[in-house]
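# A closer look at the structure
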Amino acid sequence: MPSYDSAGFMKLPLYRVLAALLLALLASAHAAAEDAPAKGADGPLVFDRSVVDYGIVDQNREYAAEVRYRNAGRQAIRDIKARASCSCYSVALTDTALEPGAEGTLTVRFRTHGFYDKISKSLHLHYVDGAQRKAKLQLVLNIVGGVLVSRLHLGEHLAGTMPSGSVPLRWYEGVGKPFEIERIEIPGQPIATRVEPFVGKTERDRKYKGWRIHFTFTEPPPRGIYSKRAIVTTTHPTQKRVLIPITANIVGKVWVQTSRVYLGLVRQGQTKTASVAFKPFKPEFKLGAVSARARKGLLTVKIEDGFGPMGPHKKLHVTVPADAPPGPLDDVIELRTEVPGEELVTVEVRGRVFVPRGG
């Protein structure tokens, strides 16, 4: 017979009370687990895997991978948008909204460009489920296949000098195929070349084998942005011809951030200002007194002192005044200094003042 307490409630054995409490706790934990997002997610949108490993790949190729994403929550999610951490890949989504339990597929197309060695990039899907959320997907590639090319960027050099530099042309031991260099051509360019075996300085680099190519100008390159490509003929079984980009910025004694300013479209009655930094290329080049003017007189100019990552410099401010008439803003800013041989430096300006429709 069951027993009752003084208030009239049935007395239960202690073991039955504990068993009931345990069952309640297990049921609560199970419900929480159903609602919980997958590991690594901060919400209900989850991927079928957290890392996309493309494996061993070549340079200058495109590789595609598909990943499923799912709404693991109990309410609809919407406004699903992909945000890339690098312009080297693109993302396409089949669905931008998901009901509970529904799935979509994203396609990631990765362009390896001139990358080499192991690289990792992140992709985020941003979405809304009553709150702003995001889910992270990691992209991993081991770019060690084929012939590995490096770009030769010579940096900034003073006009009248003859820059030089070198880059490796290699394969990865155990993955790539060994090759010899038969010839190097840079059509019409005064550049001499020399080849020597590549020697790695670190344990990782010693896994790479191949060649180091030295480039030396035999005549000064022209002022401005220099961009050419060396054509290298090899004995590689599938990559007989590879291209090595060669770039440099050839500047004067007066270093100017840009030789052309774009003001774009400016609404009539409004003002707009663009700024250009300038400074001596070397400390021994003294600017002296500086001044500037717009040849056509329409634009206003001002010079101020500046300071930033490049150190102390001057700022040239070019402004479209509010009373500028409709039409093109094409002009030339004459920047004058006391640097011998570079007393006059010019900066082109492009833009247009427009009248809004109905205005």
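These numbers were taken from a predicted model, which means no experiment stands behind them.

### Notes on the side chain of R170
Summarising the element assignment, R170 is placed in strand β11 (residues 164-172). Notably, R170 is buried but unbridged: the nearest opposite-charge side chain belongs to D205, and the N-O separation is 4.2 Å. Beyond its immediate sequence surroundings of up to four residues, R170 is in contact with Y116, G146, V147, L148, F179, F198, D205, Y208, K209, G210 and W211.

### Let's talk about the sheet that holds β11
An order of β9-β11-β14-β13 is seen for the four strands of this open sheet, with the pairing classed as antiparallel. Unpaired on one side and paired on the other, β9 (148-149) and β13 (191-197) mark the two borders of the sheet.

### Some points on the nonpolar core
Taken as a class, soluble globular proteins show a tendency for nonpolar side chains to be buried jointly. If you look at the biggest cluster of nonpolar residues, it comprises 27 residues, and the most contacted ones within it are L45, F47, Y54 and L106. When residues of this core are traced back to their parent elements, those giving at least two are β1 (45-47), β2 (51-58), β3 (62-71), β6 (103-111), β7 (117-128) and β8 (132-145). Per-element accounting of this core gives the leading share, five residues, to β8. Leave out the neighbours within four places in its chain, and F47 touches V67, R68, Y69, L106, L125, A135, K136 and L137. Membership of the second largest hydrophobic core comes to 24 residues, among which are V147, V149, V232 and V242.

### Quick notes on the layout of surface pockets
Over the atoms, a rolling probe the size of a water molecule traces out where space has been left empty. One number sums up the size of the largest pocket: a volume of about 310 Å³. Every residue lining the largest pocket is counted, 17 residues in all, and those nearest its centre are I250, V251, V256, T258 and S259. Secondary-structure elements contributing two or more residues to the lining of the largest pocket are β15 (224-234), β16 (241-251), β17 (254-256) and β25 (344-354). Split by residue class, the lining of the largest pocket holds seven nonpolar, seven polar and three charged. If you add up the space inside the second largest pocket, you get close to 240 Å³. Lining the second largest pocket are 14 residues, and of these Q59, N60, H113, V149 and L243 sit closest to its centre.

### What to know about the packing of aromatic side chains
Enumeration over the complete set of coordinates arrives at six aromatic pairs. Plain terms: the ring middles of Y116 and Y208 are 6.1 Å apart, the flat faces sit at 90° to each other, and that makes the pair edge-to-face. With Y116 in the loop between β6 and β7 and Y208 in strand β14 (residues 208-217), this pair connects stretches of sequence that are 92 residues apart. Residue Y116 is classed as partly exposed on the basis of its relative accessible area of 36%.

### Observations concerning the pattern of salt bridges
Counted according to the given criterion, the structure contains 19 salt bridges. Ionic pairing is found between R68 and D48, a salt bridge with its closest N-O pair at 3.7 Å. Of this pair, R68 sits in strand β3 while D48 sits in the loop between β1 and β2; the two residues are 20 residues apart in sequence, bridging distant segments of the chain. Of the charged contacts in the structure, one is a salt bridge between R109 and E62, with a shortest N-O distance of 3.7 Å.

Definitions and limits used
Residues numbered from 1 in each chain as written. Predicted model: local features only at pLDDT ≥ 70, side-chain atom pairs only at ≥ 80, totals over all residues. Heavy atoms only, no water. Helix = DSSP H or I, 4+ residues; strand = E, 2+ residues; numbered from the N terminus. Buried < 20%, exposed > 50% of the residue type's maximum accessible area, 1.4 Å probe, protein only. Lys, Arg positive; Asp, Glu negative; His and termini not counted. Salt bridge = Lys/Arg side-chain N within 4 Å of Asp/Glu carboxyl O. Contact = heavy atoms within 4.5 Å. Pairing = 2+ DSSP bridges. Core = buried A, V, L, I, M, F, W, Y, C linked by side-chain atoms within 4.5 Å. 1 Å grid on protein atoms, 1.4 Å probe; cavity = no way out; pocket = protein on both sides within 12 Å on 5 of 7 lines; lining within 4 Å. Points joined across faces, edges and corners; volume = space filled by probe spheres on them. Nonpolar A, V, L, I, M, F, W, Y, C, P; charged D, E, K, R; others polar. Phe/Tyr/Trp six-rings, centres within 6.5 Å; stacked < 30°, edge-to-face > 60°.

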